[in-house]
Amino acid sequence: MRPDIGDWSELLATERKMDYFESLYSFLYSNQSKEIYPPKENWYKAFEYSSFANTKVIILGQDPYHGINQAEGLSFSVPEGVPIPPSLRNIYIELESDVGTTIPHHGHLSHWAKQGVLLLNSVLTVAKKSPASHANQGWETFTDNVIKLLNEKKHNLVFLLWGAYAGKKAELIDSDKHLILSAPHPSPFSAHKGFFGCKHFSKTNHYLESNKQQPINWSIPK
């Protein structure tokens with residue numbers, strides 16, 4: 001684990017001692033001839049922005065964007081100046097409909113992350129132009145253990161599970177302790193099947209406020 005991810009570093013220190021983690025890194029370093037996204041320094045960016053203590057909402061993605069300059073270590077997020085991907089644009093459309101925020105001109109979501117929204121991909125790396133190329137190499141074990149840790153050690157979290165892949169993670173979460181909100185994926189292929197109109201952003205804030213937590217300011221600064 002990187003040394004700069006705050007309270008996650010201690011809580012997840014045991015993971016790097018596991019055989020699967022060693023095997024994962026062997027896979028990653030044996031593929032150095034292939035361009036890997038995001039850059040190594042951003043693999044754990046989600047944990048840098050949202051500490052364990054601060055995390056109260058989890059938005060789970062599948063794996064990083066595989067296009068040049070898109071992935072930055074936060075699920076669904078892209079750096080400023082990079083065109084907004086279709087799924088994120090649909091997220092913004094639902095956000096505007098749900099809570100009235102203005103659709104921003106960029107896709108950088110650190111404003112959410114800094115408020116305790118853990119933007120977690122199930123797989124943290126991908127090869128250039130090769131979607132799902134790093135699936136089943138160990139990242140899923142790691143991020144499942146992150147979800148299990150949050151589930152066990154914290155209360156009144158909100159898990160936003162969009163799409164069938166993310167929806168399967170509900171089995172790792174105690175719905176008596178946390179709020180699970182599921183919907184179809186926001187991609188253009190499925191957003192009209194129930195993502196639009198799901199109102200997950202207002203439902204999240206209602207739940208947080210009902211449990212005496214600060215709601216998320218979902219608006220994205222310019």
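Calculation notes
Residues numbered from 1 in each chain as written. Predicted model: local features only at pLDDT ≥ 70, side-chain atom pairs only at ≥ 80, totals over all residues. Heavy atoms only, no water. Helix = DSSP H or I, 4+ residues; strand = E, 2+ residues; numbered from the N terminus. Rg over C-alpha atoms; globule rule 2.2 N^0.38 Å. Phe/Tyr/Trp six-rings, centres within 6.5 Å; stacked < 30°, edge-to-face > 60°. Buried < 20%, exposed > 50% of the residue type's maximum accessible area, 1.4 Å probe, protein only. Lys NZ or Arg CZ within 6 Å of the ring centre and 35° of its normal. Expected span 1.5 Å × (residues − 1). Arc of directions from axis to C-beta. Contact = heavy atoms within 4.5 Å. Pairing = 2+ DSSP bridges. Axes fitted to C-alpha atoms, helices over the stretch in contact; angles between N-to-C directions.

1. A short note on the overall build of the chain
Line of reasoning, step 1. For the chain, the helix and strand inventory stands at eight helices and six strands.
Line of reasoning, step 2. Written out in order from the N terminus, the α and β elements of the chain read α-α-β-α-β-α-α-β-β-α-β-α-β-α.
Line of reasoning, step 3. Relative to a compact globule of 222 residues, whose C-alpha radius of gyration would be 17 Å, the chain shows 17 Å and is just as compact.
Line of reasoning, step 4. C-alpha extents for the chain along the principal axes are approximately 45 × 35 × 30 Å.

2. Some details on the packing of aromatic side chains
Line of reasoning, step 1. Within this structure, the stated rule accounts for 21 aromatic pairs.
Line of reasoning, step 2. Between Tyr44 and Phe47, the ring centres sit 6.4 Å apart and the planes meet at 45°, which makes this aromatic pair tilted. Across the pair, Phe47 and Tyr44 agree in class, each one buried.
Line of reasoning, step 3. Both rings, one in Trp112 and one in Trp218, keep their centres 5.0 Å apart while their planes meet at 90°; by these two values the pair is edge-to-face. With Trp112 in helix α5 (residues 110–113) and Trp218 in the segment after α8 (200–210), this pair connects stretches of sequence that are 106 residues apart.
Line of reasoning, step 4. For Trp218, a relative accessible area of 2% translates into the label buried.
Line of reasoning, step 5. Ring-pair connections join several aromatic residues into one group, and the members of that group are Trp8, Tyr20, Phe21, Tyr25, Tyr29, Trp43, Tyr44, Phe47, Phe52, Trp139 and Phe142.
Line of reasoning, step 6. Lying over the aromatic face of Phe52, Lys154 brings its terminal NZ or CZ to 5.4 Å of the ring centre.

3. What to know about helix α2 (residues 19–30)
Line of reasoning, step 1. Spanning 12 residues, α2 covers 16 Å between terminal C-alpha atoms, matching the ideal 16 Å at 1.5 Å per step.
Line of reasoning, step 2. Listing the buried residues of α2 in full gives Tyr20, Phe21, Leu24, Tyr25, Phe27 and Leu28. With its buried residues spanning 155° around the axis, α2 presents them on a single face. Residues Asp19, Glu22 and Ser30 are exposed on α2 and point more than 90 degrees away from its buried face.
Line of reasoning, step 3. The elements touched by buried residues of α2 are β1 (36–37) and α6 (139–153).

4. Overview of the sheet that holds strand β2 (residues 57–61)
Line of reasoning, step 1. One open sheet accounts for four strands, arranged β3-β2-β5-β6; its pairing is parallel. The outermost strands of the open sheet, each flanked by one partner alone, are β3 (117–121) and β6 (179–183). For this sheet, the mean inter-axis angle between neighbouring strands, taken without regard to orientation, is 20°.
Line of reasoning, step 2. Where strand β5 (residues 158–162) and β6 come together, five bridges link them in parallel fashion. Bridge assignment links Leu161 to a residue of β6, and that residue is Ser182.
Line of reasoning, step 3. Along the sheet, α6 contacts β2, β3 and β5; its crossing angle with β3, the most-contacted strand, is approximately 150°.

5. Overview of the pairing of β2
Line of reasoning, step 1. Counting buried positions over the five residues of β2 gives five, a clear majority of the element.
Line of reasoning, step 2. Here β2 shows no split at all, with Val57, Ile59 and Gly61 on one side and Ile58 and Leu60 on the other all buried.
Line of reasoning, step 3. Summarising the sheet, β2 and β3 pair through five bridges and their orientation is parallel. From the neighbouring strand, Val57 faces β3, where its bridge partner is Val117.
Line of reasoning, step 4. Judged from the four bridges that link them, β2 and β5 form a sheet pairing that is parallel.

6. Points about α8
Line of reasoning, step 1. Of all the positions in α8, only His200, Phe201, Thr204, Asn205, Tyr207 and Leu208 are classed as buried. Projected onto a plane normal to the axis of α8, the buried residues spread over an arc of 160° and lie on a single side.
Line of reasoning, step 2. Positive backbone phi, approximately 60°, marks Lys212, located one or two places after α8.

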